[in-house]
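Observations on chain architecture
The chain contents come next:
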Amino acid sequence: MPLHPVMITRFSLRLPDSQAGFSVRRPMKQANELIKSLDTLFIKTYGCQMNEYDSARMADMMKQAYGLRLVAAAEDADVILMNTCSIREKAEDKVYSELGRYKKLKDKRPDMIIGVGGCVGQQEGERIQKRAPYVDIVFGPQSYHRLPEMVKEIRRDRVHVSQTDMPEIEKFDHLPKAESHGVSGCVTIMEGCDKFCTFCVVPYTRGAEISRSVEDILDECRDQLAGGTVEISLLGQNVNAYRGPGPDEEEWDFTMLLYAVAELPGLKRLRFSTSHPMEMTSELCQAFAEIPQLMPYLHLPVQSGSDRVLKLMHRGHDRETYFRIINELREHCPDIALSSDFIVGYPGETDEDFAATMDLVERVGFDSAYCFKYSPRPGTPASKSEDNVPEDVKDERLQRLLTLTREQARLAMQAQQGKTIDVLVEKDGRRAGDMEGRSPDYKIVHFRGQHRQIGQVMAMSIVEAYGQSLRGELILADS
Ligand code: 5AD
Ligand code: SF4
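Basis of the calculations
- Residues numbered from 1 in each chain as written.
- Chains lettered and ligands numbered in written order.
- Predicted model: local features only at pLDDT ≥ 70, side-chain atom pairs only at ≥ 80, totals over all residues.
- Heavy atoms only, no water.
- UniProt positions renumbered as here; feature names shortened; annotations may be inferred.
- Helix = DSSP H or I, 4+ residues; strand = E, 2+ residues; numbered from the N terminus.
- Buried < 20%, exposed > 50% of the residue type's maximum accessible area, 1.4 Å probe, protein only.
- Pairing = 2+ DSSP bridges.
- Right-handed = clockwise from strand over helix to strand, strands pointing away.
- Salt bridge = Lys/Arg side-chain N within 4 Å of Asp/Glu carboxyl O.
- Phe/Tyr/Trp six-rings, centres within 6.5 Å; stacked < 30°, edge-to-face > 60°.
- Lys NZ or Arg CZ within 6 Å of the ring centre and 35° of its normal.
- Axes fitted to C-alpha atoms, helices over the stretch in contact; angles between N-to-C directions.
- Near = heavy atom within 4 Å.
- Nonpolar A, V, L, I, M, F, W, Y, C, P; charged D, E, K, R; others polar.
- Polar contact = N/O pair within 3.5 Å; in protein donor to acceptor, adjacent residues only side chain to side chain.
- Areas by Shrake-Rupley, 256 points an atom, 1.4 Å probe, with all protein chains shown as cover.

As recorded in an unreviewed UniProt entry, the protein chain goes by the name tRNA-2-methylthio-N(6)-dimethylallyladenosine synthase, listed as coming from Mariprofundus micogutta. As its UniProt record puts it under Subunit (unreviewed entry), the protein chain is described as follows: "Monomer." Word for word, the UniProt comment on the protein chain under Subcellular location (unreviewed entry) is "Cytoplasm".

Some remarks on the overall build of the protein chain
Summing up its helical and strand segments, the protein chain has 15 helices and 21 strands in all. Counting every position in the protein chain, which comprises 479 residues, the buried fraction comes to 57%.

Observations concerning the pairing of strand E3 (residues 79-84)
Burial of E3 is extensive: six of the six residues sit out of reach of the surface. Residues of E3 alternate between two faces, with Val79, Leu81 and Asn83 on one and Ile80, Met82 and Thr84 on the opposite face, all of them buried. The pairing of strand E1 (residues 40-45) with E3 spans five bridges and is classified as parallel. In the sheet register, Phe42 faces E3, and the bridge partner there is Ile80. As paired strands, E3 and strand E4 (residues 113-117) are joined by five bridges and run parallel to one another. Paired with Asn83 across the two strands is Gly117, which belongs to E4. With helix H4 (residues 91-108) bridging E3 and its parallel neighbour E4, the resulting β-α-β unit is right-handed.

What about the pattern of salt bridges?
Pairing between side chains of opposite charge can happen when the charged atoms of each approach one another. Enumeration according to the criterion identifies 33 salt bridges in this entry. Between Glu191 and Arg206 there is a salt bridge, and its shortest N-O distance comes to 2.8 Å. On the criterion of sequence distance, the pair formed by Glu191 in strand E8 (residues 190-191) and Arg206 in the loop between helix H8 (202-205) and strand E9 (210-211) is long-range, its members being 15 residues apart. Of the two residues, Glu191 and Arg206, neither departs from the other in class, the shared state being buried. Linking Lys443 and Asp441 is a salt bridge whose minimum nitrogen-to-oxygen distance equals 3.0 Å. The two residues Lys443 and Asp441 agree in class, both being buried. Each of the salt bridges in this network shares a partner with another, and the network as a whole consists of Lys373, Asp387, Glu391, Lys394 and Asp395.

A closer look at the packing of aromatic side chains
Counted by the stated rule, this structure contains six aromatic pairs. Judged by centre distance (4.9 Å) and plane angle (75°), the rings of Phe254 and Phe272 are edge-to-face. One end of the pair, Phe254, is in helix H10 (residues 254-262); the other, Phe272, is in strand E13 (residues 269-273), and 18 residues separate them in sequence. The exposure classification of Phe254 matches that of Phe272, with both residues buried. Residues Tyr346 and Tyr374 carry aromatic rings whose centres are separated by 5.4 Å and whose planes lie at 65° to one another, so their mutual orientation is edge-to-face. Residue Tyr346 is located in the loop between strand E15 (337-344) and helix H14 (351-364), and its partner Tyr374 is located in the loop between strand E16 (368-373) and helix H15 (391-414); the two are separated by 28 residues in the primary sequence. For the residue pair Tyr346 and Tyr374, the accessibility class agrees, reading buried in each case. Site record: aromatic cluster; members linked through ring pairs are Phe254, Phe272 and Phe288. The ring of Tyr96 has Arg131 sitting right over it, with the charged end atom 3.6 Å from the ring centre. Above the plane of the ring of Tyr442 lies Arg438, whose end atom (NZ or CZ) is 4.0 Å from the centre.

A few points about the sheet that holds E15
One open sheet accounts for three strands, arranged E14-E15-E16; its pairing is parallel. Across the chains shown, the open sheet's two edge strands, defined by having one partner strand only, are strand E14 (297-299) and E16. Ignoring strand direction, the axes of neighbouring strands in this sheet form an average angle of 10°. One ladder, built from six bridges, connects E15 with E16; its direction is parallel. Its bridge partner being in E16, Val344 is matched across the sheet by Lys373.

Some words on the site of ligand 2
All residues adjacent to ligand 2 are Cys193, Lys195, Phe196, Cys197, Phe199, Cys200, Val202, Pro203, Asn238, His276 and Arg315. The residue inventory of the shell around ligand 2, partitioned by class, reads seven nonpolar, two polar and two charged.

Description of the site of ligand 1
The full set of residues close to ligand 1 is Ile87, Arg88, Phe199, Gln303, Asp341, Ile343, Phe372, Lys373, Tyr374, Ser375 and Arg377. Contacts to ligand 1 include Arg88, whose side-chain N or O atom sits 2.7 Å from an oxygen atom. For ligand 1, an oxygen atom lies 2.7 Å from a polar atom in the side chain of Gln303. The fraction of the free accessible surface of ligand 1 (400 Å²) that becomes covered by protein chains is 89%. For the shell around ligand 1, the elements supplying multiple residues, two or more each, are E15 and E16. A class-by-class count of the residues in the shell around ligand 1 yields five nonpolar, two polar and four charged.

With respect to the environment of Val151
Following the sequence through the fold, Val151 ends up in helix H7 (residues 147-157). Sequence-wise, Val151 and Ile137 are 14 residues apart; in three dimensions their C-alpha atoms are separated by 8.0 Å.

What to know about the sheet that holds strand E20 (residues 457-465)
As summarised here, the arrangement of the five strands in space is E17-E18-E19-E21-E20, forming a closed barrel in which the pairing is mixed. Neighbouring strand axes in the sheet, compared pairwise and without regard to direction, differ in orientation by 55° on average. The pairing of strand E17 (residues 420-428) with E20 spans five bridges and is antiparallel. When the bridges of E20 are listed, Val423 appears paired with Met458.

In structure tokens, the structure reads:
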């Protein structure tokens, strides 16, 4: 079945328009009366930071609507939600195998509610309920604000509910206020993608780019800051493609938004992810020099170092453009840590193309990298080309790229040794007496400290570098 952004299924119970913009309070009260026995919620999250954010919002919403309490094990839950990801292969298989586990729980407790959301929900739609009839709810990333209504329908009518349309209305208008979830918080500023890289399902599962208004974003940041958050990461599939309505009724771009967020009282650190090279303006590169709260770390996926493959992928830029951006960033912020995504084995990728990717990595030098073997995703243009790079060649290229990027990561860690850096203390460490935080360039730092230091930015000297983290020693008394 071709992917299509609007999939209302035969089982589907489309809410009447009058409910499309339902108010959180009124229906909730009625629902509460119906759903006394639901008490606990378990959410299984796959994929990116964006899904983590969505899961947190689902939890906020179900707590506000039904008083559901989050639990750590599916066995203890009255409602199980899966927030899925379909970006790379085997996503559907993983979902079905996890569902098999939940079925056993439901056999014992038939009143339990099981929902499958996120990108697999969007993509598979009614097929999920055909294959796994014990699944009560299927929903896409743009319709989870309707979860309380869907739960209510199920409890009342014992039906399957499927909501995978992408409504015009913004789901953000219908979500309760975000709760602060700790020192470091996320705020989604835009969703979806209009870039249509040939290998990628995101434009089909998350839909077209939609930007939230500046005021909405600032309000959510203020709420999080008031709740104790000191670091905010602005999220979106293409954050720097942000174009949203500003308070002056003009369209604001991403850089304007960054400056506005940076001014919020209480904000110590600002980050964003994920960016597209084609949207890296000079103003944005300069912002790294001008906004003290903006941390020197950028995830900028390039996918390939070969101009030929970049063209086949419809990335819209060549390798020279990528180098130019990196140079400009480093001019403004010499210590910026860079990270990227790479795909090996794209259809038609030759040894020469792959050598160009290795060369790009050597020239740029990344602090971290996410490397993937190409896999055809249903409905994407690339899936119509033969997946013709043999598996063993893909494996070998992946290994070579991993070896190179891991070595670069190791050197980047080692280069921190002896430096004095500011660490934002985030949580207790795994070892007793240890605390854990992050450096400005997003490296994990362990140190001997105290729980009450959580939320503080503390100067420390780096005394040791490990593969994935650093060890620091406090050099100042805490403020
Ligand atoms: N095959 C392999 N990797 C993929 N990615 C996206 N789609 C595919 C695919 N079909 C990778 C890209 C992207 C990251 C989030 O996932 O590198 O940047
Ligand atoms: Fe996918 Fe390309 Fe959009 Fe990134 S920019 S989400 S890789 S289509």
